[in-house]
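Listed below, chain by chain, are the residues.
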Amino acid sequence: METQDQQPATSNQQPAPQSEAQVPEANQQAPDGNVPGQEPQSLPAQGMPLPPEQIMPGNGVPVFPNPDDTFAALQQSVYNNGAFANPGVIIPPNPQMLGLNSSAAGQSVNENGLSADDIALYDRQLRLWGMEAQQKIQSANILIITMKALANEIAKNLVLAGIGSLTVVDDQIVTEADLGAQFFLTEEDIGKSRAEAAVSRIQKLNPRVKVIADSGSIMTKGASFFGNFDIVIATDLSPTLLAFINTATRLHNRQFYAAGTYGFYGYIFCDLIEHDYVVQRDKSNVPTAIGPETRTRSIVKVETQKEGDKTLEKVQKRELYSTWDLASETSLLPPEYLKSKRRLKAVTPALSCLRALWGFQQTHNDHFPGNNKEDLGTFTRSATHNHQLLSLPVETLRSEFLRSFLQNIGSEIAPVTAILGGQLAQDVINVRGQRQQPIQNMVVFDGDKMEAEMYPLHPEGNLGRAQLELSTSPMVPLGHMDPSQMLPMDQTGMMMGTGM
């Protein structure tokens, strides 16, 4: 088992138990966001206009009038706790500025925008999800924040699938410890930017995908930065950072994924806001009714078509989502779980432990629990409280499981990152293709059972777009913000005085 910045080199390696809980060291602060050997380039950033009203309904707490101020306010505390990884280049609103999606230039294309070379290269994928879905995949501009073991797996799968562009944001340099965690790094990369070192090898997987390294800090980008991407994937970050990145993606109507691993355990979260997809099936004798199927899913449209002797039915469904801070803190399991003791007993206690861990980080400057009596006691009480809040049976949260979870914090295991990374990448492909039901909305991996179960976690009230467009983390209320931590903004929404 490696430290949090480490992982075995291959996914064939068998996991080994850990004897002590590890507290990761603070990451190093990035010197600057420029690519060595290149002149700094200023790229335009566009975003959707901000909502006209900036007041939280019900509680009267004002939200930051400029969404970039949210990131400015967090700048000092984030750099102090060292829990964030290093980013780099902004994808411009016009993809042609960097030659994005230009692999088929000069080639004849079909009605779906695919060249003959594209069809030959992605032949197996086209047989699975068709040309229309592949074209949507190839037009996707995706951002990955933090290039560790989990992100390695995600990037590998997405680039091989043929997305349009991938931007990797990571402000850390390669250390010897990284060599055991990532298969995109070698000893020659020690001391170099982790984003740039990884990108050079990611690019070789598929030259048709534009892969960009950004070795600057994501905190210097401002909320409008996220509007340049179709999907934002944040890995191995603190819950406070995830909440504010999710706020920014909501502001610009962008789909958001968060994921992390802790040894044998891990999670995937997604906020697709409102996502439509089409299921095609044989028409049954029972007519399909338009309306809600569950609290989060509804049927919005039904069409039929003839194919030979068969009558096919195309059912358009819509899934509604919640933000990270609402889903990860107090949201309960859906009623169908609460009505079944069998289902409650089957829920992994890793869910309670993950919530306890996220809560601990929020109250301890984003640090993991240390191997001391005070931290372990705080974590145990929090896990027990979350277990009761979820209405789970007391007997399923055993001291042995708590001990195992704590011992795994701060480590990475290749098979776990491979499983979760593959599942997240596959869901991104499904979301772009709009042909299958996506994750809803939290997946928890329990390595003891080798199971990755999905749990819909939502608060009471509105979901999807009707949910609050802006929400402030309870750990960073506006009234407690130190004005001295607010950095000035220039005309492009970039933080000034940050060395960018």
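Residues numbered from 1 in each chain as written. Predicted model: local features only at pLDDT ≥ 70, side-chain atom pairs only at ≥ 80, totals over all residues. Heavy atoms only, no water.

Caption draft 1: Representation of the pairing of strand β6 (residues 255–262). Across the eight residues of β6, eight count as buried, placing the element largely inside the fold. Neither face of β6 is left uncovered, since the one carrying Q255, Y257, A259 and T261 and the one carrying F256, A258, G260 and Y262 both have all their residues buried. Between the parallel elements strand β5 (residues 231–235) and β6, the chain passes through helix α6 (residues 239–251) in a crossover that is right-handed. Here seven bridges tie β6 to strand β7 (residues 265–271), and the two strands are oriented antiparallel to one another. Across the sheet, the residue bridging to A259 is I268, located in β7. (Buried < 20%, exposed > 50% of the residue type's maximum accessible area, 1.4 Å probe, protein only. Helix = DSSP H or I, 4+ residues; strand = E, 2+ residues; numbered from the N terminus. Right-handed = clockwise from strand over helix to strand, strands pointing away. Pairing = 2+ DSSP bridges.)

Caption draft 2: Geometry of the packing of aromatic side chains. A full pass over the atoms with the stated rule returns 15 aromatic pairs. Residues F183 and F184 carry aromatic rings whose centres are separated by 4.8 Å and whose planes lie at 65 degrees to one another, so their mutual orientation is edge-to-face. Since its relative accessible area comes to 5%, F184 is described here as buried. Their ring planes at 40 degrees and their centres at 6.5 Å tell us that Y262 and F405 sit as a pair that is tilted. Here the residue Y262 occupies a position in strand β6, and F405 occupies one in helix α12 (residues 399–408), the gap between them amounting to 143 residues. For Y262, a relative accessible area of 5% puts it in the buried group. Assessed through its relative accessible area of 0%, F405 is described here as buried. Over the aromatic face of F225 sits the side chain of K221, whose NZ or CZ is 5.6 Å from the ring centroid. In this structure, R343 packs its charged tip against the face of Y337, placed 4.1 Å from the ring centre. (Phe/Tyr/Trp six-rings, centres within 6.5 Å; stacked < 30°, edge-to-face > 60°. Lys NZ or Arg CZ within 6 Å of the ring centre and 35° of its normal.)

Caption draft 3: The pairing of strand β11 (residues 310–320), seen in detail. Bridge analysis of strand β8 (residues 274–282) against β11 gives nine bridges, and the strand direction is antiparallel. Residue pairing across strands places E274 opposite L320, the latter belonging to β11. One ladder, built from ten bridges, connects strand β10 (residues 297–307) with β11; its direction is antiparallel. Counted as the bridge partner of V302 is V315 from β11. Here β10 folds back onto β11 in antiparallel fashion, the turn holding two residues, of which G308 has a positive phi close to 65 degrees.

Caption draft 4: Structural view of the sheet that holds β11. Read across the open sheet, the four strands follow the order β8-β11-β10-β9; overall the sheet is antiparallel. Both outer strands of the open sheet, β8 and β9 (291–292), are each paired with one neighbouring strand and no more.

Caption draft 5: Region of interest: the packing of helix α10 (residues 350–363) against helix α11 (residues 373–389). Running from N to C, α10 and α11 cross one another at 130 degrees; their axes reach a closest spacing of 8 Å. Considering the angle they form, α10 stands oblique to α11. Crossing angle aside, the handedness with which α10 passes α11 is right-handed. Residues S352, C353, R355, A356, L357 and F360 of α10 lie in contact with α11, whose contacting residues are D375, T378, F379, S382, A383, N386, H387 and L389. Residue classes in the contact of α10 with α11 are distributed as seven nonpolar, five polar and two charged. (Axes fitted to C-alpha atoms, helices over the stretch in contact; angles between N-to-C directions. Parallel < 35°, antiparallel > 145°, perpendicular 65-115°, else oblique. Left-handed = near helix turned anticlockwise from the far one by under 90°. Contact = heavy atoms within 4.5 Å. Nonpolar A, V, L, I, M, F, W, Y, C, P; charged D, E, K, R; others polar.)

Caption draft 6: Quick look at helix α4 (residues 149–161). Helix length check: α4 (13 residues) gives 19 Å between terminal C-alpha atoms against 18 Å at 1.5 Å per residue, within 8%. Among the 13 residues in α4, ten count as buried, and that is most of the element. Taken together, the buried positions of α4 are occupied by A149, L150, A151, N152, E153, I154, A155, L158, V159 and A161. Positive phi shows up at G162, right after α4, with a value of about 95 degrees. (Expected span 1.5 Å × (residues − 1).)

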